[in-house]
Amino acid sequence: MEYASRILIVDDVLENIQVAMNILKEDRYDFSYAKNGETALSLLHENKFDLILLDIMMPGIDGYEVCRRIKKDPLYSEIPIIFLTAKADTDSMSKGFEVGGIDYIVKPFHANELLARVKTHLDLYRAKKVLQNNNLTLQTKLEIEQERIETELEESQKEMIFVLTELVESVSDETGKHIRRVAEYSRLLAHYHPSISEEDADIIFYASPMHDIGKMGIPHEILHKDGALTTEEFEIMKTHTTIAHTYLKHPNRKFMKAADIIAHEHHEKYNGKGYPRGLKGEEIHIFGRIVAIADVFDALTHKRVYKDAWSVEKAVAYIKERSAQQFDPLLVEIFCDNIDEFIIISKM
């Protein structure tokens, strides 16, 4: 069933209202009418109209003021207003356009003119509403599409990190279990940190497995040496942080940016005596400070080719002794307060 447009006719002369209705009823419109501006504004708040035919000269609020008030209200400002006037002078018409009218019809009405002008502006109003609705629908679709693309890109980053992590395992002494435990420790520290959101905690979880990605660029004989490194060898080993930064500094996506920060800064020390840049305190990104504790705790409590596993008590004591020296003191406090959860992860 076709929607019948609703028209409000405002005129202080009832005969003029009746004439307009008699002419326009040919096109099956629905009508309401008012004999003054106050009633017109009241009707506007109670009904939905598609067009207003508005007399200018009325007692009380004149047509110009009624139009002005309608156009100031965002709920009704889009409704087209055609002025009905006995004055055909330029000043009256110009004022009507200035206050927001879109057209004018001179009284007495000519049937064909009234029908044509009303139909034209109703068609334009409907077309405008359709366009606005289509634009809103298009905007919603674009937002959904953008969200889908962002999600796919994030999933692609996670898959890339997984593949690169597998490569790290294949060329270094890092086991898959170590990498996964570091990710779990890191997320746990982030979860309990008062300034880190759960979203960032998830980012750390997915990015932290890349902390030693730079070891892919370290010579095999140094990486797999069975025993302590010489001073020269250790200097080469330290370059795995800058090698990683070279790999990862260009991508601007959140997981890869986080991986870059972690790989580059997880060997910095809170007292400024770490590497590669000697950053101090909060100059070190919180992601790097978190993974520093997670990596060291796991390395201490599990066997490596060059060392036996330490007891949890000895590893915790080591970390506590180095609070505010090697490690962020707040993170050390969080670590100690929740040690039981870290122990559960360590047994993975």
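Residues numbered from 1 in each chain as written. Predicted model: local features only at pLDDT ≥ 70, side-chain atom pairs only at ≥ 80, totals over all residues. Heavy atoms only, no water.

Undergrad: Can you walk me through the packing of helix H7 (residues 198–207) against helix H11 (residues 254–265) in this structure?
TA: Packed helices, taken two at a time, are described by their axes: the angle between them and the distance between them. Close contact between H7 and H11 brings their axes to 9 Å; oriented N to C, the two are set at 65°. In terms of orientation, H7 and H11 fall into the roughly perpendicular class. Seen along the crossing, H7 lies across H11 with a hand that is right-handed. Across the interface between the two elements, Glu 199, Asp 202, Ile 203, Ile 204, Tyr 206 and Ala 207 from H7 touch Lys 254, Phe 255, Ala 258, Ala 259 and Ile 262 from H11. Of the residues assigned to the contact of H7 with H11, the class counts are eight nonpolar, no polar and three charged. (Axes fitted to C-alpha atoms, helices over the stretch in contact; angles between N-to-C directions. Helix = DSSP H or I, 4+ residues; strand = E, 2+ residues; numbered from the N terminus. Parallel < 35°, antiparallel > 145°, perpendicular 65-115°, else oblique. Left-handed = near helix turned anticlockwise from the far one by under 90°. Contact = heavy atoms within 4.5 Å. Nonpolar A, V, L, I, M, F, W, Y, C, P; charged D, E, K, R; others polar.)

Undergrad: What exactly am I supposed to notice about the nonpolar core here?
TA: Nonpolar side chains tend toward joint burial in soluble globular proteins. Core analysis: the largest hydrophobic core is formed by 43 residues, its most contacted members being Leu 189, Ile 290, Ile 293, Phe 297, Phe 335 and Phe 342. Contributions of two or more residues to this core are made by helix H6 (176–192), H7, helix H10 (240–248), H11, helix H12 (286–301), helix H13 (312–321), helix H14 (329–337) and helix H15 (339–346). The biggest single contributor to this core is H12, with ten residues. The contacts of Phe 335, once residues within four sequence positions are left out, are Leu 189, Ile 293, Phe 297, Val 316, Ile 319 and Phe 342. Counting 23 residues, the second-largest nonpolar core is a separate cluster that includes Tyr 64, Cys 67, Ile 70 and Tyr 125. (Core = buried A, V, L, I, M, F, W, Y, C linked by side-chain atoms within 4.5 Å. Buried < 20%, exposed > 50% of the residue type's maximum accessible area, 1.4 Å probe, protein only.)

Undergrad: For this particular structure, what's the right way to read the side chain of Thr 241?
TA: On the secondary structure map, Thr 241 appears in helix H10. Among the polar contacts listed, one links the side chain of Thr 241 to the backbone oxygen of Lys 238, at a separation of 3.0 Å. Not counting chain neighbours up to four residues away, the residues in contact with Thr 241 comprise Ala 263, His 264, His 266, His 267, Tyr 275 and Pro 276. (Polar contact = N/O pair within 3.5 Å; in protein donor to acceptor, adjacent residues only side chain to side chain.)

Undergrad: Before we go on, may I ask you to explain the pairing of strand S3 (residues 51–55) in this structure?
TA: Two faces make up the sheet, and in a regular strand the side chains alternate between them. Counting buried residues in S3 gives five out of five residues, a clear majority hidden from the surface. The side-chain alternation of S3 yields two buried faces, one formed by Leu 51, Leu 53 and Asp 55 and the other by Ile 52 and Leu 54. Bridging between strand S1 (residues 6–10) and S3 involves four bridges; their strand directions are parallel. When the sheet's bridge partners are listed, Ile 7 is paired in S3 with Leu 51. With four bridges joining them, S3 and strand S4 (residues 81–85) adopt parallel strand pairing. Each residue of the ladder has a partner; that of Asp 55, found in S4, is Leu 84. Handedness of the crossover joining S3 and S4 through helix H3 (residues 63–72): right-handed. (Pairing = 2+ DSSP bridges. Right-handed = clockwise from strand over helix to strand, strands pointing away.)

Undergrad: In this structure, what is going on with the pattern of salt bridges? I would like to understand it.
TA: When the charged atoms of two side chains with opposite charge come close together, those side chains can pair. Tallying each qualifying case throughout the model produces 20 salt bridges. The partner of Glu 78 in a salt bridge is Lys 128, with the nearest N and O atoms 2.5 Å apart. Placement of the pair is Glu 78 in the loop between H3 and S4 and Lys 128 in helix H5 (residues 111–171), with a sequence separation of 50 residues. The exposure class assigned to Lys 128 is partly exposed, which follows from its relative accessible area of 40%. We note a salt bridge from Glu 113 to Arg 117, for which the minimum N-O separation is 3.0 Å. Of this pair, Glu 113 and Arg 117 both sit in helix H5, four residues apart, roughly one helical turn. Taking relative accessible area as the criterion, Arg 117 reaches 26% and is therefore assigned partly exposed. By sharing partners, the salt bridges in this structure join Asp 11, Asp 55 and Lys 107 into a single network. (Salt bridge = Lys/Arg side-chain N within 4 Å of Asp/Glu carboxyl O.)

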